[in-house]
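Residues per chain, in single letters:
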Amino acid sequence: MTAVNARAPQATQAARDAGARNAVTWLAVRQVRRGALIVIILVGGMSAMVATTYASTVGDAMDAAALAALAENPAIRTLFGQPVALDSAGGFTVWRTGTILAVLVGV
């Protein structure tokens with residue numbers, strides 16, 4: 001047996017292994033893409049919805065005081081986390097959706 005003939009089975013085995021890896025990779029992508037797209041849409045939509053309702057939620061000084069009192073409640077802090085920058089739409093959005101969306105993305 002010559003050296004050229006001895007290498008031929010190894011080359012075909014490597015090609016089959018590469019083909020199998022590609023097939024498994026594409027199968028995983030096909031199975032995950034729909035769920036990943038749904039999660040991305042939900043995360044973006046929920047964040048956008050909370051950010052747009054910020055002005056109506058914290059409209060005047062009385063509403064802002066009520067929100068501050070609510071943020072000091074231990075049960076609310078457990079659900080939503082430590083409130084930071086509730087005076088801006090971004091801070092309010094992260095406080096309201098951060099934990100929930102982190103769990104959704106993690107699952």
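Just so it is clear, the model here is predicted, and its values are computed rather than measured.

Colleague: Which residues make up the overall build of the protein, and what values do they have?
Modeller: Across its full length, the protein holds five helices and zero strands. Overall, the protein shows an N-to-C arrangement of helices and strands of α-α-α-α-α. Across the 107 residues in the protein, those meeting the buried criterion constitute 14%. Counting only contacts in the protein whose residues sit at least 6 apart along the sequence, the fraction spanning at least 24 positions is 53%. Just so you have it, the protein exposes about 7,800 Å², and 68% of that area is on carbon and sulfur atoms.

Colleague: Could you give an account of the confidence of the model for the protein, naming the residues involved and the relevant values?
Modeller: Taken residue by residue, the protein gives an average pLDDT of 84. The fraction at 70 or more is 90%. Element-level mean pLDDT values for the protein span from 81 in helix H3 (residues 61-71) up to 89 in helix H5 (residues 89-106).

Colleague: Which residues make up the environment of Pro-83, and what values go with them?
Modeller: Relative to the assigned elements, Pro-83 resides in the loop between helix H4 (74-80) and H5. As a C-alpha pair, Pro-83 and Val-94 span eleven residues in sequence and 9.0 Å in three-dimensional space. In this structure, Pro-83 is in contact with Ala-71, Arg-77 and Trp-95, ignoring residues within four places of it in sequence.

Colleague: Give me the nonpolar core: which residues, what numbers.
Modeller: Membership of the largest hydrophobic core is limited to ten residues, which are Val-50, Tyr-54, Val-58, Leu-67, Ala-71, Ile-76, Phe-80, Leu-86, Phe-92 and Trp-95. Counting only elements with at least two residues in this core, the list comes to H3, H4 and H5. Contacts of Leu-67, omitting those with residues within four sequence positions, involve Val-58, Leu-86, Phe-92 and Trp-95.

Colleague: Can you tell me about the environment of Thr-93, naming the residues and giving the values?
Modeller: By secondary structure assignment, the location of Thr-93 is in helix H5. For Thr-93, a relative accessible area of 8% corresponds to the buried category. Spatially, the C-alpha atoms of Thr-93 and Val-50 are 5.7 Å apart, while their sequence positions differ by 43 residues. If sequence neighbours within four positions are ignored, Thr-93 has contacts with Ser-47, Val-50, Ala-51 and Gly-98.

The rules behind the values
Residues numbered from 1 in each chain as written. Predicted model: local features only at pLDDT ≥ 70, side-chain atom pairs only at ≥ 80, totals over all residues. Heavy atoms only, no water. Helix = DSSP H or I, 4+ residues; strand = E, 2+ residues; numbered from the N terminus. Buried < 20%, exposed > 50% of the residue type's maximum accessible area, 1.4 Å probe, protein only. Contact = heavy atoms within 4.5 Å. Areas by Shrake-Rupley, 256 points an atom, 1.4 Å probe, with all protein chains shown as cover. pLDDT = per-residue confidence, 0-100. Core = buried A, V, L, I, M, F, W, Y, C linked by side-chain atoms within 4.5 Å.

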